[in-house]
Amino acid sequence: MARRPIALVTAAVLLLEAPGIVVLNAVMARFVEIQSMSLDGLDPDAMVTGTWALGIVSGVLLALCALVAALAGIRDRRPGRAGRALLIGCAVIHGILAAVTVGLIGWGAFAFLSVVLGLVVLTLVAYGKTEGGPEGAPATA
């Protein structure tokens, strides 16, 4: 199976998505700041700061997911427990965002998020359990 190219393509797509999500949140923060928006009486400056923080944290996590996928592809080994948990979380978030995005933005954004979801899941499945498991483990059919 072509595990290595799948993991490297996943890493490249996630690495390209990371600055995109930061820019998207920067645009939203600018709109909140210009229009002095608030939600149920919250301070508009707190809303701007929260939007920036969400964008930066999301970008860093996407870059970290890209690093995990790239290391899996370069080493041609499955990620560790923390890396798999990070990629699973990334897949879940992409699935939820794809479902929400189809109604808010459109089918193009849904298709992009679904492709990223598919790549992350394919990376996880391609680097599934190895055949040389611990002794005494039941054999798979």
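Given the structure is predicted, the values throughout are model-derived calculations rather than measurements.

For helix H4 (residues 107-126), spanning 20 residues, the distance from its first C-alpha to its last is 28 Å, which sits close to the expected 28 Å at 1.5 Å a residue. Along H4, the residues that are buried comprise Leu113, Val116, Leu119, Val120, Thr123, Leu124 and Ala126. Of the surrounding elements, those touching the buried residues of H4 are helix H1 (3-35) and helix H3 (81-104).

Leu14, Ala18, Leu62, Cys65, Ala66, Val68, Leu87, Cys90, Ala91, Val116, Val120 and Leu124 together form the largest nonpolar core, which totals twelve residues. Secondary structure elements with two or more residues in this core: H1, helix H2 (44-75), H3 and H4. Here this core takes four residues from H2, the largest share from any one element. Not counting residues within four places of it along the chain, the set of residues in contact with Leu124 comprises Arg84, Leu87 and Ile88.

Time to look at the pattern of salt bridges. A full pass over the atoms with the stated rule returns two salt bridges. For Arg3, the salt bridge goes to Asp76, with nearest N and O atoms at 3.4 Å. Residue Arg3 is located in helix H1, and its partner Asp76 is located in the loop between H2 and H3; the two are separated by 73 residues in the primary sequence. Residue Asp76 is classed as partly exposed on the basis of its relative accessible area of 29%. The partner of Glu33 in a salt bridge is Arg30, with the nearest N and O atoms 3.4 Å apart.

This part covers H3. For H3, spanning 24 residues, the distance from its first C-alpha to its last is 34 Å, which sits close to the expected 34 Å at 1.5 Å a residue. What H3 keeps buried is the set Gly83, Leu87, Cys90, Ala91, His94, Ala98 and Thr101. Of the surrounding secondary structure, the elements contacted by the buried residues of H3 are H1, H2 and H4. Positive phi shows up at Gly106, right after H3, with a value of about 140°.

Rules and cut-offs
Residues numbered from 1 in each chain as written. Predicted model: local features only at pLDDT ≥ 70, side-chain atom pairs only at ≥ 80, totals over all residues. Heavy atoms only, no water. Helix = DSSP H or I, 4+ residues; strand = E, 2+ residues; numbered from the N terminus. Expected span 1.5 Å × (residues − 1). Buried < 20%, exposed > 50% of the residue type's maximum accessible area, 1.4 Å probe, protein only. Contact = heavy atoms within 4.5 Å. Core = buried A, V, L, I, M, F, W, Y, C linked by side-chain atoms within 4.5 Å. Salt bridge = Lys/Arg side-chain N within 4 Å of Asp/Glu carboxyl O.

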